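Coordinate analysis (summary)
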Amino acid sequence: MTQPASDAAARYTASLRLSVAPMMDWTDRHCRYFHRLLAPGARLYTEMVHANAVIQGDRERLLGFDRSEQPLALQLGGSDPALLAQAARIAQDWGYDEVNLNCGCPSDRVQAGRFGACLMREPALVAECVAAMAGAVEIPITVKCRLGVDEDNSYENFLNFVDQSANAGSAMFIVHARNAWLKGLSPKENREVPPLRYEWAHQLKADRPQLQVVLNGGLATVEAAQAQLPALDGVMLGRAAYHDPYLLHRLEAAQTGAPLLPREALLRAMRPYIDEQLGRGLALKHITRHLLGLYHGQPGGRAFRQVLSEGAHRAGADWTLIEQALAVTRAQAERVAA
Ligand SMILES: Cc1cc2nc3c(=O)[nH]c(=O)nc-3n(C[C@H](O)[C@H](O)[C@H](O)COP(=O)(O)O)c2cc1C
């Protein structure tokens, strides 16, 4: 049954407080399905998809999702206003709740294509892109950005970037609160080396209270994430959510008061989805790779990871492998407790 529009709108609005970051190769639809079970109220983001791919590519593969993943945003890469507008329209037609423009990715390939983080140097062009998308669709257009690029340490420049996009129609900014260094650092180093400066996100919210500001970068515990609220509108977690997905469940519980479910119950809730996907010919490894961190830091957690990662590559692997992983994990945990 489809939800009434007002329920969907309320869920979308409430989901601002907690989101899972767009992560290329990681937050595919199987990962998002799992994250949704862990955090029923969170906002989820796709991997970045270039506007051209949305327009010309295999849409079912690039855009397909399960309705349970909603509230769900499509993250677009690109810097051509007309193409982005066309891609945003396609996203809206597919049922996405939001379109987010990537202004934070520092990779060489992205720089060569003149999108991602290097767009922070082109606030007028970003504003044009936002205006074109906002004019083309009714769903919200949002921006994910850094604080600046390279040696740019001017808060005024950052504020100017935000102001121009806000005036063009972006009501929400996800701030990965560090600079991107476009020369000399790999994308991975660019998520670790430039120092975090959360205070700029706080200053932005203080200066522009009418804008929604979501903080991203380095949040790895319930306490650290919760400490950012209510001064900001929300928190976005990336790597910590992926490597320790139960953190998402604990964070959601801390925010909503919902009871914590055991890891095993959450995993078992994946079974109908897994059986259905295997029935369509998907190999189990494409799903289990996102589950490996479920017992992160727990007794038996290594065994769980090992059984799944070794077994899921075998032809015909199915739910029985997950039962084996659970049994080994339980046995290890009992041994530790004894
Ligand atoms: C494997 C990986 C892929 C990523 N891909 C994207 C992407 O497609 N779009 C994007 O805006 N950010 C991407 N990021 C950056 C994250 O969205 C996030 O901004 C960053 O990891 C900082 O948050 P964290 O410290 O909570 O991980 C990626 C990060 C990782 C680890």
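Here the structure is a predicted model, which is why all the values come from computation and not from measurement. (Residues numbered from 1 in each chain as written. Predicted model: local features only at pLDDT ≥ 70, side-chain atom pairs only at ≥ 80, totals over all residues.)

**Considering the overall build of the protein**
Under the convention used in this document: Every helix listed is a DSSP run of H or I at least four residues long, and every strand listed is a run of E at least two residues long, numbered separately from the N terminus. The size measure is the radius of gyration over C-alpha atoms, and the globule rule it meets is 2.2 Å times the number of residues to the 0.38 power. Residue burial here comes from a neighbour count, namely the number of other C-beta atoms, placed from the backbone, that lie within 10 Å of the residue's own C-beta, with 20 or more meaning buried, 12 or fewer meaning exposed, and in between meaning partly exposed. Note that contacts rest on C-beta atoms placed from the backbone: two residues are in contact if these are within 7 Å.
Tallying secondary structure elements over the protein gives 17 helices and eight strands in all. In summary, the protein has a C-alpha radius of gyration of 20 Å against a globular reference of 20 Å for 338 residues, a match within 12%. By principal-axis analysis of the C-alpha atoms, the protein measures approximately 60 × 45 × 40 Å. Residues counted as buried form 43% of the 338 residues belonging to the protein. Counted over contacts in the protein with a minimum sequence separation of 6, partners at least 24 positions apart contribute 71%.

**With respect to the environment of Ala51**
For Ala51, the position within the fold is in helix 3 (residues 51–56). Given 27 C-beta atoms within a 10 Å radius, Ala51 is considered buried. Taking the C-alpha atoms as reference points, Ala51 and Met172, separated by 121 residues in sequence, lie 20 Å from one another.

**Considerations on the sheet that holds strand 7 (residues 212–216)**
Which entries qualify depends on this criterion: DSSP calls a pair of strands paired once it identifies at least 2 bridges connecting them. With axes taken as lines fitted to C-alpha atoms, and helix axes fitted only over the stretch in contact, angles between N-to-C directions fall between 0 and 180 degrees.
Reading around the circumference, 1-2-3-4-5-6-7-8 is the order of the eight strands in this closed barrel, with parallel pairing throughout. Taken pair by pair, the neighbouring strands of this sheet meet at an average axis angle of 25 degrees, ignoring direction. Bridge count for strand 6 (residues 170–176) against strand 7 is five bridges, and the pairing is parallel. Bridge pairing in strand 7 links His176 to Asn216.

**Considerations on the domain arrangement of the protein**
Applied cut-off: Domain delimitation follows an automatic or database domain assignment. Residues are grouped as follows: Ala, Val, Leu, Ile, Met, Phe, Trp, Tyr, Cys and Pro are nonpolar; Asp, Glu, Lys and Arg are charged; all remaining types, including Gly, are polar.
If you check the domain split of the protein, you get domain 1 (5–256) and domain 2 (263–337). Relative to domain 2, the C-alpha centre of domain 1 lies at a distance of 30 Å. Contacts between the two partners involve twelve residues from domain 1, matched on the other side by 13 residues from domain 2. Mapped by element, the contributors of at least two residues to the side of domain 1 that touches domain 2 are helix 2 (29–38), helix 11 (239–243) and helix 12 (246–256). No other element matches the six residues that helix 2 contributes to the side of domain 1 that touches domain 2. Residue composition of the side of domain 1 that touches domain 2, grouped by class: eight nonpolar, three polar and one charged.

**Structural notes on the packing of helix 5 (residues 81–94) against helix 7 (residues 123–136)**
To be explicit about the condition: Handedness of a helix crossing follows the sense of rotation of the near helix relative to the far helix, less than a right angle counterclockwise being left-handed and clockwise being right-handed.
Taken N-terminus to C-terminus, the directions of helix 5 and helix 7 make an angle of 35 degrees; their axes are 8 Å apart at the nearest point. Crossing hand, helix 5 versus helix 7: right-handed. Touching Pro81, Ala82, Leu84, Ala85, Ala88 and Arg89 of helix 5 are Glu128, Cys129, Ala132, Met133, Gly135 and Ala136, all from helix 7. Residue classes in the contact of helix 5 with helix 7 are distributed as nine nonpolar, one polar and two charged.

**Some points on the environment of Arg89**
Examined against the element boundaries, Arg89 turns out to sit in helix 5. Among the residues examined, Arg89 registers 17 C-beta atoms within 10 Å and is labelled partly exposed. Measuring from C-alpha to C-alpha, the distance between Arg89 and Val99 comes to 9.5 Å, with ten residues separating the pair along the chain.

**A short note on the pairing of strand 2 (residues 43–50)**
Residues in a regular strand project their side chains so that they alternate between the two faces of the sheet. Formally: We call a crossover right-handed when, viewed with both strands directed away from the observer, the connection leading from the first strand over the helix to the second proceeds clockwise.
A large share of strand 2 lies buried, amounting to seven of its eight residues. Pairing analysis gives two bridges linking strand 1 (residues 18–20) to strand 2, with the strands arranged parallel. Looking at strand 2, one finds that Ser19 is bridged to Arg43. A crossover links strand 1 with its parallel partner strand 2, the connecting element being helix 2, and its sense is right-handed. Note: strand 2 against strand 3 (residues 72–77), five bridges, orientation parallel. Directly across from Tyr45, in strand 3, lies its bridge partner Ala73.

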